[in-house]
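# Understanding the architecture of this molecule
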Amino acid sequence: MTSQPIVPLSQASDPFFWGVDLGGTNIKLGVLDNLGATLAFTSIETLESQGPQQAIDRIVAAGRELTRKAGISISQIGRIGLGSPGSMCLQRGMLLEPPNLPHWHQFPIRDALAKATGRPVSFVNDANAAAFGEFWIGAGSAHQSLIMFTLGTGVGGGVIHEGRLINGVNSFGSECGHMIVDSSPEARLCVWGGGRGELEAYASASAVAARARELAEREPSSDLSRRLQEQGRVSAKDVYLSAVGGDGLALRIIDETAHFLGIGIATAVAIVDPGLVVLGGAMDFGGPKCAIGQRFLAATTAEFRKRAFSNVASGTKIEFASLGGDAGYIGAAGIARADNEH
């Protein structure tokens, strides 16, 4: 379900757009108006192993039903926004070799969706879409530029400079998770993509879980060690839960994660100087309403400020995202809206 209020057609502003957030497990789809209000929303299973064409067919069927439910016709949909994990070629509208969509490699997804709907499609990286959602109606709505880090299984990113996404010549722009934060020969390997010393190897949920397991095995008196013995595994959520209970090891892991994230933020800000950095994704350690989340944000901010010029440190806000899991479909629709105006 979406956390956004569902707005009736009588209160909506045309034109209208579909926002599609494609994930390895689920596909989120919303019908949005010109101001970013959601008129209808649904989520369907990706069924990845059945291949991309079946998913296109189900997206179209779900979208048509949503459009009808919203009280409009598909001819009133100005454009469709589609956010997808990479790798991709945005110019050709191709999925190349996305790791979490192994049966979808080398698929012309943009044109397939456009052909099936008869509507033009804007194709974008999923983290870039999330960043644009926060920029449009979320935490960045009062800003012209922002950098977003999405902390989940990996670390995604989105960079918006003066209202425009940085997509890059090779469709690899804004991939903040692949910046190097540790250049030492013994730097950690990314558990997702294999890169050594990348931010993703230190600040993703996968990396936090891997580090927690290693350290829990060495510190048998910790609550994390107890969880490991009982469950046979530990996750980033276990680190959070142990930290809430005051476990010293869990708190140390969170502080170390903030240390490396702060380095990454300092590096990205030195290039773009956006004035706002937004932290999204599922791994927020409780977020702004939790003392552990506040500790994580404060430690990240302190590390950034330690490494930034004083005027940049004082002129840059770092805060949690506000749209949660809705940012992707909202941002995809927002990008479609922006393209529709040009």
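Structure first, text after, so check above.
The structure contained in this document is the topic of the report that follows. Every value quoted in this text rests on a predicted model; they were computed, and no experiment measured them.

The rules behind these values
Think of each chain on its own: its residues are numbered from 1, step by step along the sequence as written. Local features in a predicted model are, by the rule used here, given only for residues with pLDDT of at least 70; side-chain atom pairs are given and counted only at 80 or more, and totals for whole chains, interfaces and linings are based on all residues. For the side-chain quantities, the full set of heavy atoms in the structure was used; hydrogens and water were omitted. Numbering of helices and strands runs from the N terminus, with a helix taken as a DSSP run of H or I at least four residues long and a strand as a DSSP run of E at least two residues long. Pairs of N or O atoms are called polar contacts if they sit within 3.5 Å, as long as, within protein, a hydrogen donor faces a hydrogen acceptor (for residues adjacent in sequence, only side-chain-to-side-chain pairs). Only buried residues count toward a nonpolar core. Its members are Ala, Val, Leu, Ile, Met, Phe, Trp, Tyr and Cys residues joined through side-chain atoms within 4.5 Å. Only protein chains enter the accessibility calculation, which uses a 1.4 Å probe; a residue whose area is less than 20% of its type maximum is buried, one above 50% is exposed, and one in between is partly exposed. Note on contacts: a residue pair qualifies if any of its non-hydrogen atoms lie within 4.5 Å across the two residues. Paired strands are those between which DSSP finds at least two bridges. Only Phe, Tyr and Trp rings are paired, with Trp represented by its six-membered ring, and only when their centres lie within 6.5 Å; those with planes under 30 degrees apart are stacked, over 60 edge-to-face, the remainder tilted. Only the stretch in contact is used when a helix axis is fitted, and all axes are lines through C-alpha atoms; the angle between N-to-C directions ranges over 0 to 180 degrees. By definition here, a salt bridge exists when the distance from a side-chain nitrogen of Lys or Arg to a carboxyl oxygen of Asp or Glu is within 4 Å. In what follows, a disulfide is any cysteine sulfur pair within 2.5 Å.

Position of Asn125 among the secondary structure elements: in strand β7 (residues 121–125). Within the local environment of Asn125, its side chain forms a polar contact with the backbone nitrogen of Ala127, the two atoms lying 2.8 Å apart.

Counting 52 residues, the largest nonpolar core has Phe149, Leu224, Val239, Leu261, Ile265, Leu279 and Phe296 as its most contacted members. Aside from chain neighbours lying at most four places away, what touches Leu261 is Phe149, Leu151, Leu199, Ala203, Leu279, Phe296 and Thr300. Counting residues in hydrophobic clusters, the runner-up holds 33 residues, among them Ala55, Met88, Ile109 and Ala112.

This paragraph deals with the pairing of strand β8 (residues 146–151). Of all the 6 residues making up β8, 6 are buried; the element is thus mostly covered by neighbouring parts of the structure. Alternating positions in β8 separate into two faces, Leu146, Met148 and Thr150 on one and Ile147, Phe149 and Leu151 on the other, with burial throughout. Here β8 folds back onto strand β9 (residues 155–161), and the loop between the two strands holds 3 residues. Of the pairings in the sheet, the one linking β8 to strand β11 (residues 276–280) comprises 4 bridges and is parallel in character. If you follow Met148 over to β11, its bridge partner there is Val278.

Before going further, it helps to spend a moment on the packing of aromatic side chains. All chains considered together, the criterion is met by 4 aromatic pairs. The interplanar angle of 45° and the centroid separation of 5.0 Å between the aromatic rings of Phe41 and Tyr329 together place this pair among those described as tilted. Of the two residues, Phe41 is situated in strand β3 (residues 38–45) and Tyr329 in helix α11 (residues 327–340); the sequence distance between them amounts to 288 residues. The class of Phe41 is buried, set by a relative accessible area of 12%. Both rings, one in Phe132 and one in Phe135, keep their centres 5.5 Å apart while their planes meet at 55°; by these two values the pair is tilted. Here Phe135 and Phe132 lie together in helix α3 (residues 126–137), a separation of 3 residues that amounts to about one turn. This pair shows no difference in class: Phe132 is buried, exactly as Phe135 is.

This next bit is on the sheet that holds β3. Strand order across the open sheet formed by 5 strands is β3-β2-β1-β4-β7, with mixed pairing between neighbours. In the strand order of this sheet, the two ends are held by β3 and β7, each with one partner. Across the sheet, the axes of successive neighbouring strands diverge by a mean angle of 15°, strand direction being ignored. One ladder, built from 7 bridges, connects strand β2 (residues 26–32) with β3; its direction is antiparallel. What sits directly across from Ile27, in β3, is Ile44. Here helix α2 (residues 109–117) sits on the sheet and contacts β1 (16–22), β4 (77–84) and β7; the angle it forms with β7, its principal contact strand, is near 150°.

Strands sit in the order β10-β9-β8-β11-β12 across an open sheet of 5 strands; the sheet is mixed. Each edge of the sheet is formed by a strand with only one pairing partner; in this case those strands are β10 (164–165) and β12 (317–320). With 6 bridges joining them, β8 and β9 adopt antiparallel strand pairing. The residue bridging Leu146 from the neighbouring strand is Ile160, located in β9. Contacts from helix α8 (residues 248–272) reach β8, β9, β11 and β12 within the one sheet, and its direction differs from that of β8 by about 155°.

On to the pattern of salt bridges, then. On inspection of all chains with the given rule, the structure shows 14 salt bridges. Among the salt bridges present, the one from Arg211 reaches Glu256, with a minimum N-O distance of 3.3 Å. With Arg211 in helix α5 (residues 205–218) and Glu256 in helix α8, this residue pair connects regions lying 45 residues apart in the sequence. In this structure Arg211 comes out as buried when scored by relative accessible area, which is 7%. In this structure Glu256 comes out as partly exposed when scored by relative accessible area, which is 28%. Between Glu303 and Lys306 there is a salt bridge, with the nearest N and O atoms lying 3.4 Å from each other. Of this pair, Glu303 and Lys306 both sit in helix α9 (residues 291–307), 3 residues apart, roughly one helical turn. Each of Asp223, Arg226, Arg227, Glu230 and Asp238 takes part in one network of salt bridges that share partners.

As enumerated under the stated definition, the model contains 0 disulfides in all. Between Cys176, a cysteine without a disulfide, and Cys190, which holds the nearest cysteine sulfur, the sulfur-to-sulfur distance is 14 Å. Its relative accessible area of 5% is what places Cys176 among the buried residues.

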